[in-house]
Amino acid sequence: MIGFVLLAFAIGVLTWSLLEYLIHRFLGHHPKFLPNPFGAEHMRHHREGDYFAPTWKKVLVALGFTALLAWPLTSLVGVGPGVAYLAGLMLMYGTYEVLHRREHTHAGISAYGRWARRHHFAHHFSDSRCNHGVTSPLWDLVFGTYRAPGTVRVPAKFRMAWLVDPKTGTVRADVSDTFVLLPEPKESSAQTTVAA
Ligand SMILES: [Zn+2]
Ligand SMILES: [Zn+2]
């Protein structure tokens, strides 16, 4: 029984990993499925860089899905495995939310953290048709949308706070081999000069 419960938990984790990819790729970016509420929030995330949909919306949707799935799932596979599956799904969902936000707000502190930032910002700034997975490259590899990040070129107006060394105003030395900060476009600097 405990083996079945652990298996259900692992399948829940894997289910979120797949949903993370599918929701992002299709609801977030595919013209066939746009507009939709997730897509609207996601487009704003891309447009503004530091925008995230309100947490209360995410909690509400997560609780709604959990409530919807709980009864059919526990009736089908039993209470233990059903609850374990939902726990794996929601734990991985929460992990994804935290990791995604931290990729934008904090520098990576491990090989995985540095990998995740390159992978995700290649999606933001190199090609939004690639690298839809945020916590892993698994489904991008499976579905052929993986792109090796190479050097990520970050437009000045979208620069993440952690990317820039406050002393020099340039890209931090420890990520300067993987990230390049593009200069402000001439037009806007001219406007700034006029306004000043
Ligand atoms: Zn993002
Ligand atoms: Zn996206």
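Use the structure listed above.
Since we're looking at a predicted model, the values are computed, not measured.

Caption draft 1: Local environment of the coordination of the zinc ion (ligand 1). For the zinc ion (ligand 1), every protein donor is listed as His45 (NE2), His100 (NE2), His104 (NE2), His120 (NE2) and His124 (NE2), and the spread of their distances is 2.0 to 2.2 Å. Read in sequence order, the donor residues for the zinc ion (ligand 1) give the motif H-x54-H-x3-H-x15-H-x3-H. Taken together, the residues span a long stretch of sequence, with His45 in helix α2 (residues 37–48) and His100 in helix α4 (residues 79–105) at a distance of 55 residues. Judged by its relative accessible area of 3%, His45 falls in the buried class.

Caption draft 2: Representation of the side chain of His120 in the model. With respect to the secondary-structure elements, His120 resides in helix α5 (residues 111–125). Given a relative accessible area of 1%, His120 falls into the buried group. Within polar-contact distance, the side chain of His120 engages the side chain of His124 at 3.0 Å. Setting aside anything within four residues of it in sequence, one finds His120 in contact with His45, His100, Glu103, His104 and Val134.

Cut-offs used in this document
Residues numbered from 1 in each chain as written. Chains lettered and ligands numbered in written order. Predicted model: local features only at pLDDT ≥ 70, side-chain atom pairs only at ≥ 80, totals over all residues. Heavy atoms only, no water. Donors = N, O, S within 2.8 Å, 3.2 Å for Na, K, Ca; no water. Helix = DSSP H or I, 4+ residues; strand = E, 2+ residues; numbered from the N terminus. Buried < 20%, exposed > 50% of the residue type's maximum accessible area, 1.4 Å probe, protein only. Polar contact = N/O pair within 3.5 Å; in protein donor to acceptor, adjacent residues only side chain to side chain. Contact = heavy atoms within 4.5 Å.

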